[in-house]
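Chain by chain, the residues:
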Amino acid sequence: MTEPHADPDEIVVVLEPADEYTHEPDDAENYNESMYLNAFDLGLQGGGWFRLGNRVNEGYAEMTVCLYLPDGRVGFIYDRPKIDNNDAMSAGGLTISVVEPFEHLTVEYTGRVCLLDDPSQMADPRTAFRNNPMVDCTVSLDYRAVSPMYGGKPQYADGREIEVEPGKSFAKAHYEQHCSVTGTITVGAAADESTGTVMEIDGLGLRDKSWGPRYWQALTWYRWLPMVFSDDFAMMLSVIDRGEGRSPSASGMVLVGDEYHKVLDCRVDADWNENGEQTTMRAWAKTADREYELTGEVLSMIPLRNRRTTPEGEQLHTRITEAMTRYECDGKVGIGMSEFLDQVVDGWPIGVPAPSGT
């Protein structure tokens, strides 16, 4: 219900406990309901991230497990298991469960991962999977809130939906939350020292959820930096370029104590290697209370891609570089991700400066 005299055309953001569970899918062919969770242990300098994206109208889920081992190796698997309903976030051996909305979630995985000594090989997935061993993997993690929720579903104050164009949509609703994370990640046979790694995680992470139509090609580029320093100091910075002549948009939040402070503006500058992948970063963020300056150093990187052919036959190529990253801010050391998405145009990521001489 709207309050008396409220403007029915005002846009409000709504988030209900029921949103932690799956929704009735839209009619859009590219409807996507996804949950993502990462977990890092600064002492180990290891961790990983997990994602399920239910594309039920296309008959499959996107399932990803990515694990950063302390010795620099990466365990990775991506699959498109078939699904015929949107009843749960469970496919391909990965299950994300809501124990208590906004407070407690679990991640369980039993399956295999490709164990990469050189994660950069995943730029060519077919070759990477052919030339590296597949090993058993189990994950059992508990996520418990250390912050309030951030985000939700924008809608009109009178409850009307905001129409989105499926072909240009990335999500119609999105929220995030920082969490403490405990549990165990096992990669390879624990008794086999050549492949076996057991990570006892006692750390922190971030989780997010989104739903609505999505194409990975709906954005020109983005820079997404979720990071954790302690259970009362964490950040998420986001810079998104949607193209069409518009300036990039900046957003995010800073956790101070048990409250989020909205990011009013931020910048992310990076140094790049010969492949146009981030290596170090300098970022600036401003809230209503203060400004923050921070640096980031990539500890472990894996390049991923998404390709789609349009109805007109055009081949679209998106690159996403996923890096476990060490951060410093206010004299504190933290850990998290730097996730950089770019559309690839003429063989080069569009948001990365072209090499000199080209």
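Residues numbered from 1 in each chain as written. Predicted model: local features only at pLDDT ≥ 70, side-chain atom pairs only at ≥ 80, totals over all residues. Heavy atoms only, no water.

### Things to note about the overall build of the chain
Filter applied, for reference: Comment: elements are numbered from the N terminus, with helices defined as DSSP H or I runs of at least four residues and strands as E runs of at least two. It is over C-alpha atoms that the radius of gyration is taken, and the globule rule equals 2.2 Å times the number of residues to the power 0.38. Three labels apply to residues, based on accessible area from a 1.4 Å probe with only protein chains included: buried if under 20% of the type maximum, exposed if over 50%, partly exposed otherwise in between. We call two residues contacting when some pair of their heavy atoms lies within 4.5 Å.
A tally of helices and strands in the chain yields one helix and 22 strands. Taking 358 residues into account, the globule formula puts the C-alpha radius of gyration at 21 Å, and the chain, at 20 Å, falls close to it. Its C-alpha atoms put the chain at 70 × 50 × 50 Å along the principal axes. Put simply, the chain has 358 residues, and 53% of those count as buried. Long-range pairs, those at least 24 residues apart, make up 61% of the contacts in the chain with a sequence separation of at least 6.

### Regarding the pattern of salt bridges
For clarity, the cut-off: A pairing counts as a salt bridge when a side-chain nitrogen of Lys or Arg comes within 4 Å of a carboxyl oxygen of Asp or Glu.
Scanning all chains against the criterion turns up 11 salt bridges. Here E62 ties to R55 by a salt bridge, and the two come within 3.2 Å at their closest N and O atoms. Among the salt bridges present, the one from R282 reaches D271, with a minimum N-O distance of 3.0 Å. Linking R282 in strand β18 (residues 278-286) with D271 in strand β17 (residues 265-272), this pair joins segments that are 11 residues apart in sequence. Taking relative accessible area as the criterion, R282 reaches 37% and is therefore assigned partly exposed. We classify D271 as partly exposed; its relative accessible area is 34%. Through salt bridges that share partners, R51, R55, E58 and E62 make up one connected network.

### Focus: the side chain of D208
The cut-off we apply is this: Note that His is not counted, nor are the chain ends; the positive residues are Lys and Arg, and the negative ones are Asp and Glu.
Within the fold, D208 resides in strand β12 (residues 197-213). Within the buried set, D208 has no salt-bridge partner at all; the shortest N-O distance to an opposite charge, 6.8 Å, is to R51. Apart from residues no more than four positions distant in its own chain, D208 is found in contact with S34, M35, Y36, H174, Y175, E176 and W224.

### Observations concerning empty space enclosed by the protein
Definition in use: A pocket, in this scheme, is an open set of points on a 1 Å grid over the protein atoms alone with protein on both sides within 12 Å along at least 5 of 7 lines, while a cavity is a set where a 1.4 Å probe fits but cannot get out; residues line either one if an atom lies within 4 Å of a point. Grid points are joined across faces, edges and corners, and a volume is the space filled by probe spheres set on the points. We call Asp, Glu, Lys and Arg charged. Ala, Val, Leu, Ile, Met, Phe, Trp, Tyr, Cys and Pro are nonpolar, and the rest, Gly among them, are polar.
With the rule as written, the count across this model stands at one cavity of 30 Å³ or more. Taken as a whole, the largest cavity spans an internal volume of roughly 30 Å³. Every element with two or more residues in the lining of the largest cavity is listed here: β2 (31-41), β12, β13 (221-230) and β21 (332-345). Looking at the lining of the largest cavity residue by residue, the class counts come to seven nonpolar, four polar and no charged.

### Focus: the pairing of strand β16 (residues 259-262)
Condition: Two strands pair under a simple rule: DSSP has to find at least two bridges between them.
Both strand β15 (residues 249-256) and β16 contribute to a ladder of four bridges, which runs antiparallel. If you follow M253 over to β16, its bridge partner there is K262. In this antiparallel pair of consecutive strands, β15 and β16, the connection spans two residues, and G257 shows a positive phi of 70°.

### Points about the nonpolar core
As a reminder of what qualifies: What makes a nonpolar core is a set of buried Ala, Val, Leu, Ile, Met, Phe, Trp, Tyr and Cys residues whose side-chain atoms join them at distances within 4.5 Å.
One finds F50, L141 and Y143 to be the most contacted residues of the largest nonpolar core, which totals 34 residues. Contributions of two or more residues to this core are made by β2, β3 (46-55), β4 (60-68), β7 (94-100), β8 (104-116), β9 (134-145), β11 (173-187) and β12. Setting aside its immediate chain neighbours within four residues, F50 contacts M35, Y36, L37, T64, V65, L67, L94, V107, V139, L141, Y143 and I185. Counting residues in hydrophobic clusters, the runner-up holds 32 residues, among them Y36, L116, Y222 and M236.

### Looking at unusual backbone geometry
One non-glycine residue with positive phi stands out, namely D330, at about 55°. Along the polypeptide, D330 turns up in the loop between β20 (315-329) and β21. Owing to a relative accessible area of 38%, D330 belongs among the partly exposed residues under this scheme. In this structure, D346 is a non-glycine residue whose phi angle is positive, near 55°. As for its placement among the helices and strands, D346 is situated in the loop between β21 and β22 (348-349).

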